[in-house]
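# Report on the structure
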Amino acid sequence: MEQQSVYKKQQKLTFLLILMELPNFVAVSISAIVSHSLLVWLDFIDSAGNVLSECLVMILSRHISRDLRYEYNYGVGKIEAMTALFCESITLCGLLSVMGFSVAQLFSPEKPSDFLVFVVVLKVINVLVDAMILREQAKIKNESSTHITQNEYISDVNALLFDAGSLVSLLCVWLMRNLVFSWYISPILSLGIAIYMFVICLRHVRQAIIDLSDKTLPEEEQLKILKVLSGHDKEYLLFGGIKSRYNGTDVMVDISVEFSPDTRFEEISRFQNELQEELSREIENCCVAVVIDGFNEKIETLSQQG
């Protein structure tokens with residue numbers, strides 16, 4: 001229930017962010033058309049991506065703020081990953097366009113528009129709003145660190161850095177607009193920022209694909225599991241194997257073992273609790289399940305004997 005409360009707070013903050021971002025999106029769209037500046041077009045892509053992703057986050061937060069334990073037994077990590085993959089893919093397409101136009105403008109630079117001074121004022125407002133939103137998002141993330149709250153926090157940090165960098169860049173371009181060499185500043189900065197944002201998006205896409213593909217944990221993490229398990233080798237009869245995967249911010253670990261026929265339930269329960277406690281110290285957000293090998297076969301045998 002605590003996590004559902006966090007999602008409701010996330011939904012309210014996201015709704016507030018959308019209300020603030022929509023006027024900015026309209027203003028940036030007009031500015032990009034009037035100024036013909038690649039930096040402003042890059043800002044347009046960033047703003048469009050923000051509006052789209054925030055709308056999806058608000059819808060998702062509203063949906064999963066309800067009790068969905070019986071609808072999604074394994075959590076909503078895959079839904080969050082699909083949302084991130086969709087938003088980041090759209091942003092990647094826009095960034096590729098900006099990089100192409102930046103390269104083209106390096107060969108045919110244009111004088112920056114005097115209209116950029118109004119964009120500079122807009123970016124000052126953006127930076128102030130970003131700082132306020134980031135402070136509120138940090139409170140929500142500290143209360144409960146989920147896939148959504150973490151992604152939103154990272155997104156807000158990137159938004160603040162992007163707007164602050166754009167503010168400085170646009171101010172320099174506008175102040176030196178009458179100098180010929182300054183005409184190359186906008187495409188160079190746009191190309192650099194676009195490449196940086198492209199790399200960040202690729203990292204998010206990679207993590208989303210890992211979540212969706214149920215990729216197992218890295219070898220280093222699996223060795224930690226085996227090390228902990230080896231400390232309890234006297235408590236089980238045979239070791240069947242380990243299955244692991246990411247589920248949002250959680251790490252799911254299924255350990256298959258076989259116990260001797262005279263092992264009591266209390267001993268198996270204590271074995272699972274000890275593994276959970278020890279692995280939680282080694283792997284953050286780890287959830288351990290013990291799978292008893294041969295259990296179904298024994299039930300079938302008993303049924304046939306009956």
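One can find the structure itself at the top, above this paragraph.
Because the structure is predicted, anything quoted here is derived from the model rather than measured.

## Digging into the overall build of the protein
Scanning the protein from N- to C-terminus turns up nine helices and three strands. Its helices and strands in sequence order give the protein the pattern α-α-α-α-α-α-α-β-β-α-β-α, from N to C terminus. Put simply, the protein has 306 residues, and 42% of those count as buried. A separation threshold of at least 6 residues defines the contact pool for the protein, and within that pool the share at least 24 residues apart is 76%.

## Regarding the nonpolar core
Core analysis: the biggest nonpolar cluster contains 26 residues, and Val40, Leu42, Leu95, Leu116, Leu170, Ile193 and Ala194 have the highest contact counts within it. No other element matches helix α6 (residues 185–212), which puts seven residues into this core. Those residues in contact with leucine 170 that lie beyond four places of it in its chain are Ser37, Leu39, Val40, Leu116, Val119, Val120 and Lys123. Leu217, Leu229, Val253 and Phe259 belong to the second-largest nonpolar core, a separate cluster that totals 17 residues.

## Some remarks on the packing of aromatic side chains
Evaluated as defined, the whole model comprises three aromatic pairs. Both rings, one in phenylalanine 25 and one in phenylalanine 44, keep their centres 5.5 Å apart while their planes meet at 25 degrees; by these two values the pair is stacked. Here phenylalanine 25, found in helix α1 (residues 2–35), pairs with phenylalanine 44, found in helix α2 (residues 38–64); they are 19 residues apart in sequence, far enough to count as distant. Looking at phenylalanine 44, the relative accessible area reads 23%, which means it is partly exposed. Taken together, the ring pairs in this structure connect Tyr236, Phe259 and Phe271 into an aromatic cluster.

## Here's the deal with the state of the cysteines
Overall, the coordinates contain zero disulfides when judged by the stated rule. Residue cysteine 287 stays outside any disulfide, its sulfur separated by 7.2 Å from that of cysteine 286, the closest cysteine.

## Let's talk about the pairing of strand β3 (residues 286–292)
In this sheet, β3 lies alongside strand β2 (residues 250–258) in parallel orientation, the contact comprising seven bridges. For isoleucine 255, the partnering residue across the bridge sits in β3 and is valine 290.

## Quick look at the sheet that holds β3
Spatially, the three strands line up as an open sheet ordered β1-β2-β3, and their pairing is mixed. Either end of the sheet is taken by a strand with one partner, and the two such strands are β1 (238–247) and β3. Geometrically, the sheet is characterised by an average inter-axis angle of 15 degrees between neighbouring strands, direction not taken into account. Across the sheet, helix α7 (residues 219–230) lies against β1 and β2, angled at about 140 degrees from β1, the strand it touches most.

## Some words on α6
Between its first and last C-alpha, α6 extends 40 Å over 28 residues, near the 40 Å set by a 1.5 Å rise per residue. Immediately downstream of α6, the backbone of aspartate 214 shows phi near 55 degrees, a positive value.

Thresholds applied
Residues numbered from 1 in each chain as written. Predicted model: local features only at pLDDT ≥ 70, side-chain atom pairs only at ≥ 80, totals over all residues. Heavy atoms only, no water. Helix = DSSP H or I, 4+ residues; strand = E, 2+ residues; numbered from the N terminus. Buried < 20%, exposed > 50% of the residue type's maximum accessible area, 1.4 Å probe, protein only. Contact = heavy atoms within 4.5 Å. Core = buried A, V, L, I, M, F, W, Y, C linked by side-chain atoms within 4.5 Å. Phe/Tyr/Trp six-rings, centres within 6.5 Å; stacked < 30°, edge-to-face > 60°. Disulfide = S-S within 2.5 Å. Pairing = 2+ DSSP bridges. Axes fitted to C-alpha atoms, helices over the stretch in contact; angles between N-to-C directions. Expected span 1.5 Å × (residues − 1).

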